[in-house]
Amino acid sequence: MKKTLAKLADGRELIYFDTDEGAVRDAPDLRPLDPVDSRPELRRDEATGDWITIASHRQNRTYHPPAGECPLCPSRDGRLSEIPAADYEVAVFENRFPSLAGEAGRCEVVCFTPDHDAGFADLTPAAARLVLDAWTDRTAELSALPGVEQVYCFENRGAEIGVTLAHPHGQIYAFPFVTPRTAKMTAAAQAHRAATGRNLFEDLLSRARTATERVVTAGEHWTAFVPHAARWPYEVHLYPHRRVPDLTCLTEAERAEFPSVYLGLLRRFDRLFPVPQTEARTEREAEAGRLHEPAPTPYISAWHQAPRTHGEELALHLELFTIRRTPDKLKFLAGTESGTEAFINDVAPETAARRLREALA
């Protein structure tokens with residue numbers, strides 16, 4: 001992997017990641033940009049102890065631009081974007097509208113591909129591996145920054161999730177605090193260790209691999225399974241078989257196998273819900289099976305990594321879930337979930353696992 005550092009016109013950092021060691025990424029950013037002026041504020045909710053970020057400057061961020069004005073496509077034909085190069089493989093840059101900045105952390109955007117109309121599931125294994133390497137590099141760099149407690153790599157996919165830019169991309173947040181879900185997992189892992197003498201996440205993985213009705217797919221080094229108490233209609237957790245705290249600790253064999261397992265998992269999600277039949281479909285199209293072409297599934301894909309402090313018991317894993325529960329219905333976080341954080345799932349985890357196993361059959 002070749003890593004090339006650059007600067008955008010307003011001083012933000014831009015990093016290119018390439019599989020080709022000979023790649024040259026020296027195009028300057030010619031846009032007349034003013035310096036980024038973001039002052040997010042952290043406030044502690046005294047009722048729960050959770051940290052809340054106030055980032056009012058994000059009200060003005062780019063919102064559903066037309067494809068011809070996408071800020072994540074390469075700069076071409078006089079159209080200048082956040083990526084000055086005319087092409088790239090993977091590009092990472094500081095967010096112009098960050099939720100976290102300065103002493104309050106850092107936010108980065110990860111562009112998975114220059115192809116505006118692709119998705120992560122469309123990447124080749126080599127391209128997916130390059131994204132993994134970029135995540136790993138950024139985890140190492142951001143974890144070393146003063147004040148950073150936790151590095152969180154994630155992808156939001158689909159307008160239903162709230163994505164404002166259609167180009168395939170993810171984000172990385174370097175939090176100056178331990179996030180609420182991580183704090184809950186830490187407390188549960190510590191309690192489990194005190195009660196059993198074992199690691200909670202090793203036990204969760206072992207139980208899932210034993211109770212095979214919840215396993216979706218597995219390789220030599222990774223297993224994807226639906227958790228026993230899944231919160232979302234279709235939720236899958238992907239664990240390496242060897243417990244490690246974060247992406248930087250994966251072996252080469254684990255890295256090499258990840259793309260095939262993860263890409264297969266994403267393709268299963270995209271085949272959960274067939275394209276709805278419409279009057280425009282002809283009998284010939286139906287006979288050709290086109291009524292069953294996969295519809296893109298909105299999802300959130302999130303890497304959970306151990307925080308800098310008190311993270312000894314946590315295990316690296318990825319949580320992938322969709323808010324879609326049927327082809328035409330979404331799972332909204334209404335009164336119970338939003339008001340009390342008490343989740344109610346409409347799909348049995350064993351049913352979800354079976355449907356996902358069958359999706360690529």
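Please refer to the structure placed before this passage.
Reading the values: the criteria
- Residues numbered from 1 in each chain as written.
- Predicted model: local features only at pLDDT ≥ 70, side-chain atom pairs only at ≥ 80, totals over all residues.
- Heavy atoms only, no water.
- Disulfide = S-S within 2.5 Å.
- Buried < 20%, exposed > 50% of the residue type's maximum accessible area, 1.4 Å probe, protein only.
- Axes fitted to C-alpha atoms, helices over the stretch in contact; angles between N-to-C directions.
- Helix = DSSP H or I, 4+ residues; strand = E, 2+ residues; numbered from the N terminus.
- Parallel < 35°, antiparallel > 145°, perpendicular 65-115°, else oblique.
- Left-handed = near helix turned anticlockwise from the far one by under 90°.
- Contact = heavy atoms within 4.5 Å.
- Nonpolar A, V, L, I, M, F, W, Y, C, P; charged D, E, K, R; others polar.
- Pairing = 2+ DSSP bridges.
- 1 Å grid on protein atoms, 1.4 Å probe; cavity = no way out; pocket = protein on both sides within 12 Å on 5 of 7 lines; lining within 4 Å.
- Points joined across faces, edges and corners; volume = space filled by probe spheres on them.
- Core = buried A, V, L, I, M, F, W, Y, C linked by side-chain atoms within 4.5 Å.

### Observations concerning the state of the cysteines
Item 1. Summed over the entire model, instances satisfying the criterion amount to 0 disulfides.
Item 2. Here cysteine 73 stays free of any disulfide, with the sulfur of cysteine 70 as its closest cysteine sulfur at 3.8 Å.
Item 3. For the unlinked cysteine cysteine 249, the closest cysteine sulfur is that of cysteine 153, found at 14 Å.
Item 4. Residue classification places cysteine 249 among the partly exposed positions, given a relative accessible area of 32%.

### Some points on the packing of helix H1 (residues 125–143) against helix H4 (residues 252–270)
Item 1. In contact at an axis separation of 9 Å, H1 and H4 are set at 120° when each is read in the N-to-C sense. In terms of orientation, H1 lies oblique with respect to H4. Our pair here, H1 against H4, has a crossing hand that is right-handed. Residues Pro125, Ala128, Arg129, Leu132, Trp135 and Thr136 of H1 form the contact with H4, whose participating residues are Glu252, Arg255, Ala256, Phe258, Pro259 and Leu263.
Item 2. Residues of the contact of H1 with H4, tallied by class, amount to 8 nonpolar, 1 polar and 3 charged.

### With respect to the sheet that holds strand S9 (residues 215–218)
Sheet strands associate in pairs through backbone hydrogen bonding, adopting either a parallel or an antiparallel arrangement.
Item 1. Ordered in space as S1-S2-S5-S6-S8-S7-S12-S13-S11-S10-S9, the 11 strands form an open sheet in which the pairing is antiparallel. With one partner strand each, in any of the chains shown, strand S1 (2–7) and S9 form the two edges of the open sheet. The mean angle between the axes of side-by-side strands here comes to 20°, regardless of whether they run parallel or antiparallel.
Item 2. In this structure, strand S11 (residues 234–240) lies alongside strand S13 (residues 317–322), joined through 5 bridges in antiparallel fashion.

### Overview of empty space enclosed by the protein
Item 1. Across all of its chains, the model carries 1 cavity of 30 Å³ or more by this definition.
Item 2. Taken as a whole, the largest cavity holds about 40 Å³ of empty space.
Item 3. For the largest cavity, the full set of lining residues is Phe201, Glu202, Leu205, Tyr239, Pro240, His241, Arg242, Arg243, Ala315 and Leu316.
Item 4. Of all elements in the fold, only helix H3 (200–210) and S11 reach the threshold of two or more residues within the lining of the largest cavity.
Item 5. Ranked by residue count, the leading element in the lining of the largest cavity is H3, at 3 residues.
Item 6. For the lining of the largest cavity, the residue count by class is 6 nonpolar, 1 polar and 3 charged.

### Concerning the layout of surface pockets
Item 1. In this structure, the second largest pocket encloses a volume near 450 Å³.
Item 2. At 3 residues, the largest contribution of residues to the lining of the second largest pocket is made by strand S7 (residues 150–157).
Item 3. Its residues placed into classes, the lining of the second largest pocket shows 12 nonpolar, 7 polar and 8 charged.

### Let's talk about the nonpolar core
Item 1. Ranked by size, the top nonpolar core spans 50 residues in total, and within it Phe120, Trp135 and Trp303 carry the most contacts.
Item 2. Residue contacts for tryptophan 135: discarding those within four places in its chain leaves Phe112, Phe120, Cys153, Ile172, Leu247, Phe258 and Trp303.

### Examining unusual backbone geometry
Item 1. Phi at histidine 64 takes a positive value of approximately 45°, unusual for a residue other than glycine.
Item 2. Among the structural elements, histidine 64 can be located in the loop between strand S4 (51–54) and strand S5 (90–94).
Item 3. The phi angle at histidine 310 is positive, at roughly 60°, despite the residue not being glycine.
Item 4. Relative to the helices and strands, histidine 310 resides in the loop between strand S12 (299–304) and S13.

From the geometry alone we can't say anything about function, so treat these as descriptive.
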